[in-house]
Each structure stands twice: as structure tokens, then as C-alpha cells.
Amino acid sequence: MWKKAILETLLLIRMEKENHDIRARQEEGGANCCRKLEYQELTPCLKEITSVWEQMLAIQGDEAEGRGGELVDDGKPVPMNKLLDFVKKGVPRALRGQIWLFLMQQHQMSSTVPEGTCEGADYEDLLKQLTTHQHAILIDLGRTFPCHPYFAKALGPGQLELFNLLKAYSLLDPEVGYCQGLSFIVGLLLMHMEEISAFHVLKYMMYDLGLRKQFRPNMTALQIKLYQLTRLLHDHYKDVYEHFETHEISPTLYAAPWFLTLFASQFPLGFVARVFGE
Amino acid sequence: MCDPIFEYQFRLILIGDSTVGKSSLLRYFTDGKFDEACDPTVGVDFYARLMEVKPGVRVKLQLWDTAGQERFRSITRSYYRNSVGVMIVYDISKRSSFENLKEWYEEAREHIEPHKAIFVILGHKADNEENRQVTSREGRRFAEMHGLKFFETSAKTGQNVEEAFASIAKDTYQHLQDGHIKIEEGWDGVKAGFSRPKETVQLAEAEGESRCC
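Residues numbered from 1 in each chain as written. Chains lettered and ligands numbered in written order. Predicted model: local features only at pLDDT ≥ 70, side-chain atom pairs only at ≥ 80, totals over all residues. Heavy atoms only, no water.

- The name given to chain B in an unreviewed UniProt entry is Ras-related protein Rab-39B, with the source organism recorded as Lymnaea stagnalis.
- On record in UniProt, under Sequence similarities (unreviewed entry), the comment for chain B is "Belongs to the small GTPase superfamily. Rab family." (UniProt positions renumbered as here; feature names shortened; annotations may be inferred.)

- Labelled according to an unreviewed UniProt entry, chain A appears under the name Rab-GAP TBC domain-containing protein, originating from Lymnaea stagnalis.

Right under this line is the structure:
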């Protein structure tokens, strides 16, 4: 028991050190983005669509600069249906991270989601604390996208960011803490954006989009989603439903990971729609 | 798809703490492969393999893999009821996973009753001798205390993997022969398989249930 505790503490100290090194390296010269984005696009985005996205992001960027770098929070939102339309047309891989952030801000502007569900929690402060979920998070680090270059290296930058984020979230939301599946969602976010942005998007998804419900200890929300899926199959794809029934394949078997990792194993397109879906 | 011929189907479930190696063990047993890095099981997963329990008698093992994280128990619990065999796995290089055996054993028993099931205790990652935190004797003693069989296994070297599954399959078969375990309507622990086409039964037709000798 003691031995384990000591080992974990040692590991933490080492992580602390690596964290410092990474910060230093980041300050030296931008993070290494190309490695992060190493995956195949389902369908490459059309040039014209890409340029529309670039324009939208540029306008937003200008506005933001005009206010001394703050996020646009009361500017005029782009109409939802227009955004949705473009999301359906495609999101270019290189801009995906920025677009997700943009969509989040747009959504927060246009909907009256009560702000401040978890106000007052500063990311840096959270990082300084200790979490009771430390062990559970540590054992999943090496098991999250182990084949992706950014996360492959034990305690490399990818795994450290993953640890930081999951730890911060478990402190922010003690009821959910850490649940398996989350590491994939966070990993996917980290492939597209900086650590701190990823934290905001995660917070947004979990609270504003209500995703956290399915990770709560009793997992009722997940069970409901699985049941809903069964009924949808029954109503729309009767033959598939019946085939599954005869072979006693319940959705828990195939769909639990879909919901809990937001299809993270199958990659982004469906995911984008999802972030935006509501 | 046409199922191969087997006499019975046994449903087994693997339980135990997170990262003790349940999925790796099943992957090795069904696929002969071992990966250092293996995704965490989110919910429940499923494997299958045929096995000979005595010369000429084959059974199909339907193997249910479960998530070890506490939170998933609300989902995995419902899989106990329809299992005829339970393999409780711990990691010999992680003391806590051994200490939790009792809790796993009690939980499984509680949910399987009133049905009868065969239990096996597996001390896994046996190749990791240098980091061993649980001696073989301790593992064996726990098993004996509860009247269960015990194996130390490794998905890296393959040590005892065949033996462990063969043992639980054979014991189940024996109990079935002796009448301690019976095929029951509404219980999926044991099902009759597809018999040999000695009477002119066409395999293609035999796709329904319980067309056994």
C-alpha cells in the first residue's frame, strides 16, 4: 500500500517537472500542431466552405481584438441555422479546433444557458490541488489513443495534458469525478486545441450541453439513452431491431462506448454535429 | 452466417478491478494475441470460442467482459444473472486488486442466486514476477477457502490461459451431466447448441433455438 502511494507521488513529481519543461518549450515556439492532428479526414472539406469558415473566424477575431483580446460575448451571433448548415457542409481539419471554440461561443451567446454553473473555478488553481481520482486517471493515460503519436509516449506532452485536464475536471465536478470514457473525449479535444481551451470546451459540453449526466455514478442518463436508442431502432429500423433481439444483442454491448466517448473511436464528423447538435 | 456445431453454449463472465487484464486475457484466449496497450472496457464487451470438454464434445463459450470501474457496476450487474461461470481476476502485481476479490465474489454470488454458477479465481499477469505483490500461496488459499479453483495466468506468455478456461468449461459440463445445473427456460447461462446432422437436420434450418439431441 505504502509502496504504491510512494510510487504515485514520485510519478506526480516527475509529471510536475515534465509540465514545467513543456510550458518552457511552448513558450519557446508554438506547440507542435501537425503531430496532434494526425488522422484521416472522412471527406476533405471543399475549398469554398473552408474559405467561408475562415471569414467567419476572421470577423470574430477582429471583433475580439477590438476589445483588447476578450472573447466576443455580446456581439451579434451568426444565425444558428446558417451555422448548422455550414457544419453539415463540412469542417476543415486544420480549423476544426478554432471552429469548435467559435461554435461554443456562438451557442453560449444565442441561447440563454444560465452562466456560472461552475463559476469561480480557475484552471490553474485546480491544477494545484490533489484529486482522489488520481489513480483511476493515471491507469487510463496509457490506454487513451495509444496509437496516436501525440499520446503514444508515456508521460509525453499529450499524456500530461490529458492528466492535467482530467484532474482539473474531477476537482471541478466532484460528483462525476473521473469516469472511464472521458479520457477519450478530452484526448480528442486536445488534438485540436490548447489545454486551457480544451478545458473550457469540456466544461461547456459537460454542463451546458448536459453531458455530465451520463457519467454520474448511477449512470441512469446513460441507461435512458440506451433505451431510447432501442426504441428508435424499433420504430425506424424494425428489421435491425428484430435481428438484434433474436441474438440478444442489447445496446449496452455496442452503444455504451459510443455515448461515453462520444464516438471518439470513430472520429470527429459525427462529433462536431454533436457538440452543436442540441 | 452459420454456427459451427457444438453441444452446449456456456455463458461466462469476467469480473475484477480495473486494469487487472480481463480484456487482454479474453483477447489472448480467443485471438491468441497480446497487446501491451488495451483500451479500457467501457461497459460490457463480448467474445466467443469453441472448446472441447471431452473427446468429441464441443461447447461454445460465450465470454462477457466487464468494465472494472466501480461506476459501471450498475450496467455490468445485470449480466451476472445469465452466467453459468464467473472468472474473478486480480493482478498479482497489484495488492489492492487481490484485496477486493472477496467483494467481487460476494457481489457475483448475490446476483446469480438462485442459479448455480462455477467460480474460478485467476491471479493474472503472472509473467510480472519482479513486481509481484501477492504470492501464489495467498491466491490459492483464498480460492480454497471458498472451495474454488485457482490459476495464475498470463496473457503475455499464455501461461495457464487454456487450462483455466478448459477447467471452468469442463466443470460446468460435468455439473450439467450430473444434473446440478440444468438448462432452464428464461435463463441463458446454459443453452443447447446445434447437434450433429446425424438425423437429416439441415444446419441452415437449425438456426432457431434448442434443437438439440
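1. Describing the overall build of chain A
Stage number 1. The helix and strand tally for chain A stands at 15 helices and 0 strands.
Stage number 2. Put simply, chain A has 278 residues, and 48% of those count as buried.
Stage number 3. Put simply, 78% of the contacts in chain A that link residues at least 6 apart link residues at least 24 apart.
Stage number 4. Roughly 14,600 Å² of accessible area belongs to chain A as shown, and the carbon and sulfur atoms make up 58% of that amount. (Helix = DSSP H or I, 4+ residues; strand = E, 2+ residues; numbered from the N terminus. Buried < 20%, exposed > 50% of the residue type's maximum accessible area, 1.4 Å probe, protein only. Contact = heavy atoms within 4.5 Å. Areas by Shrake-Rupley, 256 points an atom, 1.4 Å probe, with all protein chains shown as cover.)

2. Some details on the overall build of chain B
Stage number 1. When helices and strands are tallied, chain B shows 6 helices and 7 strands.
Stage number 2. In sequence order, the secondary structure elements of chain B are arranged as β-α-β-β-α-β-α-α-β-α-β-α-β.
Stage number 3. The burial tally for chain B puts 54% of its 213 residues in the buried class.

3. Here we look at helix 5 (residues 136-145) of chain B
Residue and element names in this part refer to chain B.
Stage number 1. Of the positions making up helix 5, those classed as buried are Glu138, Gly139, Phe142 and Ala143. For helix 5, the angular spread of the buried residues around the axis is 135 degrees, confining them to a single face. Of the exposed residues in helix 5, those oriented more than 90 degrees away from the buried face are Arg137, Glu144 and Met145.
Stage number 2. Each element contacted by the buried residues of helix 5 is listed here: strand 4 (85-91), helix 3 (95-99), helix 4 (101-112), strand 5 (118-124) and strand 6 (149-152).
Stage number 3. Of the residues one or two after helix 5, Gly147 is the one with positive phi, at around 70 degrees. (Arc of directions from axis to C-beta.)

4. With respect to the pattern of salt bridges
Residues and elements named next belong to chain B.
Stage number 1. Within this structure, the stated rule accounts for 20 salt bridges over all chains.
Stage number 2. With its nearest N and O atoms 2.8 Å apart, the salt bridge here joins Arg95 to Glu138. In this pair, Arg95 is assigned in helix 3 and Glu138 in helix 5, connecting sequence segments 43 residues apart.
Stage number 3. Ionic contacts of the salt-bridge type, sharing partners, join the residues Glu70, Arg73, Arg77, Glu103 and Glu107 into one network. (Salt bridge = Lys/Arg side-chain N within 4 Å of Asp/Glu carboxyl O.)

5. Some remarks on the environment of Val57 of chain B
Residues and elements named next belong to chain B.
Stage number 1. Looking at where Val57 falls in the secondary structure, it is placed in strand 3 (residues 57-66).
Stage number 2. Distance from Val57 to Ser78, taken between C-alpha atoms, is 30 Å for residues 21 residues apart in sequence.
Stage number 3. Setting aside residues up to four positions removed in sequence, Val57 forms contacts with Glu7, Met51, Glu52 and Tyr173.

6. Observations regarding the interface of chain A and chain B
Stage number 1. Taken together, the contact pairs 28 residues of chain A with 24 residues of chain B.
Stage number 2. Summed over both partners, the interface of chain A with chain B comes to about 2,200 Å²; 57% of that surface belongs to carbon and sulfur atoms.
Stage number 3. When the buried surface of chain A facing chain B is broken down by residue, Arg143, Gln180 and Leu253 of chain A rank first, second and third, together holding 28% of it.
Stage number 4. The leading source of residues in the side of chain A that touches chain B is helix 14 (residues 251-260) of chain A, at 5 residues.
Stage number 5. Within the side of chain A that touches chain B, the residues separate by chemical class into 15 nonpolar, 8 polar and 5 charged. (Buried area = accessible area lost by both parts, 1.4 Å probe. Nonpolar A, V, L, I, M, F, W, Y, C, P; charged D, E, K, R; others polar.)

7. What to know about the environment of Leu141 of chain A
Residue and element names in this part refer to chain A.
Stage number 1. Along the chain, Leu141 falls in helix 7 (residues 134-141).
Stage number 2. Residue Leu141 is classed as buried on the basis of its relative accessible area of 3%.
Stage number 3. Along the sequence, Leu141 and Leu162 sit 21 residues apart, while their C-alpha atoms lie 7.2 Å from each other.
Stage number 4. Not counting the four nearest positions on each side in its chain, Leu141 is found in contact with Met15, Gln159, Leu162 and Phe163.

8. Considering the confidence of the model for chain A
Close inspection of predicted coordinates is inappropriate for parts of the model with low pLDDT.
Residues and elements named next belong to chain A.
Stage number 1. A residue-level look at chain A finds 76% of positions with pLDDT of 70 or above and a mean pLDDT of 77.
Stage number 2. Confidence drops under a pLDDT of 50 for residues 29-34, and excluding neighbours within four residues, the segment shows 1 contact in the predicted structure.
Stage number 3. Of the regions scoring below 50 in pLDDT, residues 66-74 engages in 11 contacts with residues more than four places distant in sequence or in other chains. (pLDDT = per-residue confidence, 0-100.)

9. As for the side chain of Thr66 of chain B
All names here are of chain B.
Stage number 1. Secondary-structure assignment places Thr66 in strand 3.
Stage number 2. A distance of 2.7 Å separates a polar atom in the side chain of Thr66 from the backbone oxygen of Leu14.
Stage number 3. In this structure, Thr66 is in contact with Ile13, Leu14, Ile15, Lys22, Thr41, Gly43 and Thr76, ignoring residues within four places of it in sequence. (Polar contact = N/O pair within 3.5 Å; in protein donor to acceptor, adjacent residues only side chain to side chain.)

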